[in-house]
Structure formats: C-alpha cells, structure tokens
Amino acid sequence: EIEIVNGAVKLIDQKTNSETDISAINMTLQAPSADQNVSAKGTLRYLEDRIAVEAQLATLGTLLKGEPIDSSIRINSDRFEGKYDGKLRLGEKIEFKGDADIQTYSLQKLLNWVGVDVPKQGYGGAYIRGKLEGNPNVMVLNSATIKMDNSVLIGSLRVRPDSPRPKIEAKLKSDLLDLSPYLAQQNEIKRGAIDNAGPRKTALAAWNSAKVDLSFLNGFDGFVQVQAARLVIKKHQIDQANFAVKVVAGVMTAQAPDFKLYGGSGSLNMSINASKPRPTLKGKIGLSKIRIKPLLQNTAEFAWLSGVGDIDLDITSAGNTEQEMISALNGTGKIAVSDGAIEGVNIPGMLRNLQQGKLFAPSGKPTEKTDFSDLTASLLIDKGIVQNKDLTMKGPLLRLTGEGVVNLPAEQIDYGLQPKLVNSLAGQGGVASLAGINIPIRVKGPLSNPKFTPDADGLLKNNGAAIEDTVDSVKKVVKDLKKKKISSEEMKGLLNGIIDGNQENGNALKNILQ
C-alpha cells in the first residue's frame, strides 16, 4: 500500500511553454502482490476544483512492463462526472482505447473552468459518450453520442489538443438540432393586428441589446459537418439542413447549399469574423417558393404580407449585439411574391368608398385583405434602413406601384402606394367605371402594425394634379353613361352615394356634370 499526502505535480508543455499545476494530491494505492490488480482512490485539486479519483488497473507486473492493461477509471467533481473502461498504456508512451462517458449539469461552467469562454445563455446539461481511442496528442471518439440541452447528435470526432488552438473535426447527424438556447433571448411582447384608424394598443420589443459573445471562436480551429433532419433557430424550423462549418483563427464560415423551410427551399453562405473586438458578418441568402407570412412573422413580427415568394439577400454587418448588427446592416436584395395578399386592408374597398363620398376613409377591418397575383421589389439596405423605389403589384382589381423605407432599427415603415383600379367592380359591390381612379395611400407606423390611410398630401401635391385625375375619371363616368357602358341605375347609385355621403363633394360633382 502506498499513500500520497498533499502531493503536487507540475506539467510543462514544451511546445507552448505553458505549465499546469495539480496540487493537494491525497491518494491511496493498493497492490497486494505483483499478480493482483492495482487500485487507487483519493482526491486532487486542479484549476482550484477538488476532484475525486477512483481507478482499478491490471496487475502490478503488467503495469510495470508498459503494456496495455485493462482499466476502469471514475472521476467526479462538482462540475462533471467521467468514466473510462478499456485498455490503457502508461509510461513514456500513453495510449488508450475503450468506452468513455463524460456528463455535466452545466456545460457552460465546465467549459469556463477549462478556459473556454461561451455565452451565458444555453450550455446547460450535457453529456458525451462513445468509443475513445488515441493518445494525449490525438483523440478520436467514434460511435459518439452528444447531448446538449435539447439536441442529440451522433457521429465521430477527432481532436488534436497539442497546439495553441485545439483542432476539432467532426461528422455528426441529428434528428433535432435546436440552436435557440445559444442565441440571445428577447422578451416576448404581444403584438396587435393591423390598425387602419386608431392608435396602437401594444408596443414592439426592441432588438435585443444583450451581447452575443463569439470570442469562443478564437479558442479552436475546426471543421464540422452536420446533417440535421430538423434545425430550430428561435421560431424558425428548418428541415433537411445539411451544412458545413469551418473555423480558422476566429473566422467562421458556414455553407448550407440546400435546406427546406416554410414550404420551400433555401441556401446560405455566411462568414463571421470574431477575431476583432467588433465581429463582422457577411452573407448571401437565397430562398425559393417559401410561404412569406410565417417567415416575416417569425423574423420581425411582420404579419400582414402573405403569399409564396423568392427572396435573395447579399448583406454585411458588424456588432456585438443583435441591435448593433441590425443598425449596421448593409446590402442589396430582391423579393418576388405570387398569389398573395396584403392582409388587414382592402385597398379596392377604400377606393369604392368614393361611392359614398368618403374620399379619405379607410376600410378599417383587420379581417379584410387586398389580393394580388404578383408583387416584386428590389431592396437597398444602408445602416439598417431598407429603401425601395420600384414596388409593383398586380391584382384582379387593381395595379399598384410604390416606394418607401423600412427602418429596421426603429421597426418603423413609411411607404407611399399608388393604387389604380383596372377592372370592373361589378359583382364586387362597386361600379364598373371607377376603374382608373388613383388615390395615393400611405403605409406608416410600427412595422408589425402600420396604418393604411389615403394620402391627402399625395392628392394635393403638384397643384392638385392628383385631384384633377380623379375629376377626369368622374367625367369618364358621364361619357360611359352616354355610350351605355354603364346602366342608369349604377350612375344613380354613384351620384346618390356621393351626394348623401358628402354634400360638398356632391355639389362639386353636380357642377362637373352640368
């Protein structure tokens, strides 16, 4: 029996010239004879933590020969539990091959303990187990199972710790890979629906100002390939997500050539440079035939545009928080949506209100919508301000053009729309000869809940040019009536509606028709 009391060991890495101290070693070793197993039990202190060790080894004679021996080792501390069962060679050349299992109630505390900085969110309970083989310079884990928070991955890992930055290679598969716990969380604030007339009753949550700590990317180099049947990123669910991540000197590149989401498909090519105090981002995103409404709703609580569409973005940014990243966002993009609707507002209905003399009245019903067959727009992004000058929309009842800005940092929109009815409204509760009437509409307010209102300034600018267009359209009613293109009953309904709804408008129309 050998007893070690308050011993100490200093480990020196000759490549990095670094030193590691193991102190307060209190251990009892028992070897009754050369042909009986050796046992060891005790405690030691490493990186200020007390660690309990218990081991069962092969016979003393085999151990002294430096041959591989059967071994069973258990290590426990307040941060983790580990066990190893398999072959072990000790001496000048250390090798191992067997079953390994390490688990922790807090992966964050375990990694911080060994000097790896990770974000405070996520990194809770975890374990890693598999067939471990190698030596202190190269370790391979085959048939590996890794569990981190809500995710389980299987595959293989290869680690080379003998360098300034450990090198990690991995090929992994997962039925469910949930990255949400590792992203800065945002307080959920209930949003309202589109409000066409009254003030908002709910507030938007600002972009998250919590720091996203990416400094851990400077602690290792690596290449990881992942096949995830389902990938969850906050509210987004992505299927068949096959991607590769490479990390070199604090720069991470990620490529996902084909994945499925929101009924369509997508591709991603992105890089993050975390080697600087202020990380930078560069990326290209392509989305095809996706359902627009859930994508926008889950990204920015933007829930009033629906349809199936394509989105292409080429962006750059920089910052340490989500808020900083949004405020520094630059780039270009384009969007094309088909068979959709602007939900919460009925633009043709707003124009039909002319029948009742309500020239400036919105439709005001959140359940209403404006259908369209095609919508396209190009985007220019500068410091989080998205500018568009070529919006076009085609629908069964109208054509629409527009331009404006979306202020992402402030979550505000200010857009001018120019709708024009192009088809008969017969059977739609309207009058055929309202086609061609142009009433500018302003879309303004919080991004998740803007107001849609007729634009009085748009009507009056250029010395009333817009109003003259409306007058010309009303004059066309008379011509159509004379040519019998509309019935006298339709004309009577239009006149009565305007006169009854607004006497001033009625008198003006009478003067035009005289």
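Counting starts from 1 at the beginning of each chain's written sequence and moves along it residue by residue. Since the coordinates come from a predicted model, pLDDT governs what is reported: local features require at least 70, and pairs of side-chain atoms require 80 or more to be given and counted, while whole-chain, interface and lining totals use all residues. Excluded from the side-chain calculations are hydrogens and water; all other atoms, namely the structure's heavy atoms, are used.

Residue types Ala, Val, Leu, Ile, Met, Phe, Trp, Tyr and Cys, when buried and joined through side-chain atoms within 4.5 Å, form a set referred to as a nonpolar core. The classification of residues rests on relative accessible area computed with a 1.4 Å probe and restricted to protein chains. Under 20% of the type maximum is buried, over 50% is exposed, and intermediate values are partly exposed. Counting residues in each nonpolar core, the largest one holds 91 residues, and the members touching the most others are Phe-243, Ile-290, Ile-342, Ile-347 and Leu-417. Contacts are assigned to residue pairs that have any heavy atoms within 4.5 Å of one another. Those residues in contact with Ile-342, other than ones at most four positions away along the chain, are Trp-304, Leu-305, Ile-347, Glu-368, Lys-369, Thr-370, Phe-372, Met-393 and Phe-452.

For the rest of this paragraph, the subject is the pattern of salt bridges. Salt bridges are counted wherever a side-chain nitrogen of Lys or Arg sits within 4 Å of a carboxyl oxygen of Asp or Glu. Taken as a whole and assessed by the stated rule, the structure comprises 16 salt bridges. Note that Lys-131 is salt-bridged to Asp-99, the shortest N-O span being 2.7 Å. With Lys-131 in strand E8 (residues 126–134) and Asp-99 in strand E7 (residues 95–104), this residue pair connects regions lying 32 residues apart in the sequence. According to the relative accessible area criterion, Asp-99 is partly exposed, its value standing at 37%. A salt bridge links Arg-230 to Asp-239, with the shortest nitrogen-to-oxygen separation between them at 3.5 Å. Classification of Arg-230 as partly exposed rests on a relative accessible area of 37%. Assessed through its relative accessible area of 27%, Asp-239 is described here as partly exposed. One network of salt bridges, with partners in common, ties together Arg-89, Lys-93 and Glu-95. For helices the rule is a DSSP run of H or I covering at least 4 residues; for strands it is a run of E covering at least 2, with both sets numbered from the N terminus onward.

Once that is clear, we can look at the pairing of strand E11 (residues 167–174). Two strands form a pair only when DSSP identifies at least two bridges running between them. Looking at chain direction, strand E10 (residues 151–160) and E11 are connected through seven bridges and run antiparallel. Looking at E11, one finds that Arg-158 is bridged to Glu-169. In sequence, E10 turns back onto E11 through a hairpin of six residues. Two elements, E11 and strand E13 (residues 221–233), share eight bridges in a ladder whose sense is parallel. Opposite Lys-171, over in E13, you have Gln-225 as the bridge partner.

Here a pair means two rings of Phe, Tyr or Trp (six-membered ring of Trp) with centres within 6.5 Å. Their orientation is stacked below 30 degrees between planes, edge-to-face above 60, and tilted elsewhere. Taken as a whole, this structure holds three aromatic pairs when the rule is applied. Taking 5.8 Å as the distance between ring centres and 35° as the angle between the ring planes, the aromatic pair formed by Phe-80 and Trp-113 counts as tilted. In this pair, Phe-80 is assigned in strand E6 (residues 80–89) and Trp-113 in helix H2 (residues 107–113), connecting sequence segments 33 residues apart. As far as the burial class goes, Phe-80 and Trp-113 line up, both buried. Each residue in the set Tyr-46, Phe-80 and Trp-113 is aromatic and connected to the rest through ring pairs, giving one cluster. Geometrically, a lysine NZ or arginine CZ counts as sitting over a ring once it is within 6 Å of the ring centre and also within 35 degrees of the ring normal. Sitting over the face of the ring of Tyr-127, Arg-129 holds its NZ or CZ atom 3.8 Å from the ring centroid.

Glancing now at helix H3 (residues 292–300). Of the positions making up H3, those classed as buried are Ile-292, Pro-294, Leu-295 and Ala-300. Contacts made by the buried residues of H3 are with strand E14 (236–248), strand E17 (280–291), strand E18 (305–318) and strand E19 (330–343). One or two positions beyond H3, positive phi appears at Glu-301, with a value near 55°.

Along the chain, the position of Thr-321 falls in the loop between E18 and helix H4 (322–327). Residues within four places of Thr-321 in sequence aside, it is in contact with Asn-208, Ser-209, Ala-210, Lys-211 and Val-212.

What follows deals with the confidence of the model for the protein. A residue's pLDDT is the confidence the predictor assigns to it, expressed on a 0 to 100 scale. Put simply, the protein has an average pLDDT of 81, and 76% of its residues get 70 or more. In this model, residues 359–363 is a region of pLDDT below 50 whose contacts with residues beyond four sequence positions or in other chains number 19 contacts. Predicted confidence is poor over residues 425–434, with pLDDT under 50, and the contacts of this stretch with residues over four places away or in other chains come to 24 contacts.

Exposure above 30% relative accessible area and no salt bridge define the residues that can form patches, which grow by joining like charges within 9 Å and nonpolar side chains of Val, Leu, Ile, Met, Phe, Trp and Tyr within 5 Å. Here the open area of atoms and residues is found with the Shrake-Rupley method and a 1.4 Å probe, where only the protein chains shown may cover a residue. A surface patch of nonpolar side chains, amounting to about 210 Å² of accessible area, comprises Leu-47, Val-114 and Val-116. Relative to the assigned elements, Val-116 resides in the loop between H2 and E8. Judged by relative accessible area, which is 32%, Val-116 ranks as partly exposed.

A separate point is the side chain of Ser-106. By the secondary structure assignment, Ser-106 is in the loop between E7 and H2. According to the relative accessible area criterion, Ser-106 is buried, its value standing at 8%. Between N or O atoms, a polar contact is any pair within 3.5 Å; within protein, one atom must be a potential hydrogen donor and the other a potential acceptor, and residues adjacent in sequence are included only when both atoms are from side chains. Here Lys-109 takes part through its backbone nitrogen, which lies 3.2 Å from a polar atom of the side chain of Ser-106. In this view, Ser-106 contacts Tyr-123 and Gly-124; residues no more than four positions away in its chain are not counted.

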